[in-house]
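One letter stands for each residue in the lines below.
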Amino acid sequence: MSFATDLMHNAMLFAFAVVAIAQVLSMVRLVIGPTIGDRILALDTMVVNAIGLIVLLGIVQGSRIYFEVTLIIAMLGFVSTVAYARFVLRGDIIE
Amino acid sequence: MSLEIIGTYAITVCLIIGTAFAMIGTIGLLKFNDPMVRLHAPTKVGTIGIGALLLASMIHSYVFSDGSMHELLIMAFLFVTSPISANFISKVNIHRRNCDVPPVPPQDEAWSTLDVPEDEVEVAPAK
């Protein structure tokens with residue numbers, strides 16, 4: 001029991017560190033990205049990584065509150081990605 | 001070996017799979033050298049990476065408390081919306097001509113993705 005629980009806690013710490021590093025790396029692509037498509041993609045990846053971090057926080061705290069937060073951030077990320085791409089494609093969001 | 005220990009190991013495996021996909025996708029976003037190629041890697045983060053993390057959350061809630069299936073909702077939403085946003089970003093790449101432009105269509109003047117709105121055509125008729 002204790003070995004498995006220790007392994008799970010270490011995996012959680014590892015997951016937090018690696019997903020945070022992934023967030024920083026996608027921020028690097030957001031800054032250096034030469035085209036607009038790269039910047040939209042980097043913002044989308046940052047939203048997805050933020051969802052991952054919130055899910056990990058919910059696992060660690062054992063709380064069910066973070067479910068709604070994750071769902072709302074997922075919807076917000078999708079709508080903002082589509083709105084940004086639509087603005088580049090058509091010059092307008094709602095025609 | 002009780003059910004709780006098996007569940008704990010399953011949580012560990014799911015966490016490591018999800019974390020590995022998140023990291024590999026972001027490294028692909030950073031290291032590939034073409035906008036359309038770069039689109040390929042991070043779309044896997046949204047489906048398999050977050051899917052495995054949400055599976056770990058579901059197993060955790062079933063092992064250590066009375067369980068919940070709410071995470072399936074987030075998983076379904078991400079699985080549906082991830083290809084749509086990838087399609088929109090690739091259309092942006094075609095529209096900005098950051099990749100190979102598709103061949104001329106057989107009957108119309110241009111592809112709708114490459115076309116500009118009509119009021120902008122009147123302002124700039126050179127195109």
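Here the structure is a predicted model, which means the values were calculated and not measured.

Q: Before we move on, could you go through the overall build of chain B and cite the residues and values that matter?
A: Helices and strands together make up the secondary structure of chain B, namely 5 helices and 0 strands. Scanning chain B from its N terminus toward the C terminus, one meets helices and strands in the order α-α-α-α-α. Here the C-alpha radius of gyration of chain B, 22 Å, is well above what a compact globule of 127 residues would show, namely 14 Å. In terms of principal-axis extent, the alpha carbons of chain B reach across some 75 × 30 × 25 Å.

Q: Could you give me a rundown of the overall build of chain A, with the residues and numbers involved?
A: Within chain A one finds 3 helices and 0 strands. Mapped from its N terminus to its C terminus, chain A presents α and β elements in the order α-α-α. Whereas a compact globule of 95 residues would reach a radius of gyration of roughly 12 Å, chain A reaches 17 Å, over 25% beyond that. Within chain A, the fraction of its 95 residues that count as buried is 37%. The long-range share in chain A, meaning contacts at least 24 apart out of those at least 6 apart in sequence, stands at 42%.

Q: Break down the packing of helix α3 (residues 66-90) of chain A against helix α4 (residues 71-95) of chain B for me, citing the residues and quoting the values.
A: Close contact between α3(A) and α4(B) brings their axes to 9 Å; oriented N to C, the two are set at 15°. As the angle between them shows, α3(A) and α4(B) are arranged roughly parallel. Like other packed secondary-structure pairs, α3(A) and α4(B) cross with a definite hand, here left-handed. Touching F67(A), T70(A), L71(A), A74(A), F78(A), T81(A), V82(A), A85(A), V88(A) and L89(A) of α3(A) are E71(B), L73(B), I74(B), F77(B), L78(B), T81(B), S85(B), F88(B), I89(B), K91(B), V92(B) and H95(B), all from α4(B). In the contact of α3(A) with α4(B), the residues fall into 15 nonpolar, 5 polar and 2 charged.

Q: I'd like a rundown of the interface of chain B and chain A, residues and numbers included.
A: Counting from both sides, the interface comprises 48 residues of chain B and, opposite them, 47 residues of chain A. Only α1 (3-31), α2 (35-38), α3 (42-64) and α4 of chain B provide two or more residues apiece to the side of chain B that touches chain A. In terms of residue count, α1(B) provides more of the side of chain B that touches chain A than any other element does, 15 residues in total. Partitioning the side of chain B that touches chain A into residue classes produces 27 nonpolar, 17 polar and 4 charged.

Q: Requested: an account of the packing of helix α2 (residues 36-61) of chain A against α4(B), with residues and values cited.
A: Where α2(A) contacts α4(B), the two axes come as close as 8 Å, and the packing angle between them is 160°. As far as their axial angle goes, α4(B) and α2(A) are roughly antiparallel. As α2(A) packs across α4(B), the resulting crossing turns out to be right-handed. In this structure, α2(A) uses I36(A), G37(A), I40(A), L41(A) and D44(A) to contact α4(B), whose residues at the interface are S85(B), I89(B), V92(B) and N93(B). Of the residues assigned to the contact of α2(A) with α4(B), the class counts are 5 nonpolar, 3 polar and 1 charged.

Q: Can you explain the environment of M69(B)? Please cite residues and give values.
A: Of note, M69(B) is situated in the loop between α3 and α4. The sequence separation of M69(B) and S57(B) amounts to 12 residues, and the corresponding C-alpha distance is 9.7 Å.

Q: Which residues make up the confidence of the model for chain B, and what values go with them?
A: All names here are of chain B. For chain B, mean pLDDT is 85; residues scoring 70 or higher make up 91% of the total. Helix α5 (residues 118-123) is the least confidently modelled element of chain B, averaging 57 in pLDDT, while α1 averages 92, the highest of any element. Here the complex is predicted with pTM 0.86, and the ipTM for its interfaces comes to 0.89.

Q: Explain the nonpolar core to me, using residue names and the numbers behind them.
A: Ranked by internal contacts, the top residues of the largest apolar core, which has 42 residues, are L15(B), L53(B) and A56(B). Breaking this core down by element, the ones donating at least two residues are α1 (2-32), α2 and α3 of chain A together with α1, α3 and α4 of chain B. Contact partners of L15(B), with chain neighbours within four places excluded, come to A11(A), M12(A), A15(A), L53(B) and A56(B).

Reading guide: rules and limits
Residues numbered from 1 in each chain as written. Chains lettered and ligands numbered in written order. Predicted model: local features only at pLDDT ≥ 70, side-chain atom pairs only at ≥ 80, totals over all residues. Helix = DSSP H or I, 4+ residues; strand = E, 2+ residues; numbered from the N terminus. Rg over C-alpha atoms; globule rule 2.2 N^0.38 Å. Buried ≥ 20, exposed ≤ 12 C-beta atoms within 10 Å, placed from the backbone. Contact = placed C-beta atoms within 7 Å. Axes fitted to C-alpha atoms, helices over the stretch in contact; angles between N-to-C directions. Parallel < 35°, antiparallel > 145°, perpendicular 65-115°, else oblique. Left-handed = near helix turned anticlockwise from the far one by under 90°. Nonpolar A, V, L, I, M, F, W, Y, C, P; charged D, E, K, R; others polar. pLDDT = per-residue confidence, 0-100. Core = buried A, V, L, I, M, F, W, Y, C linked by C-beta atoms within 7 Å.

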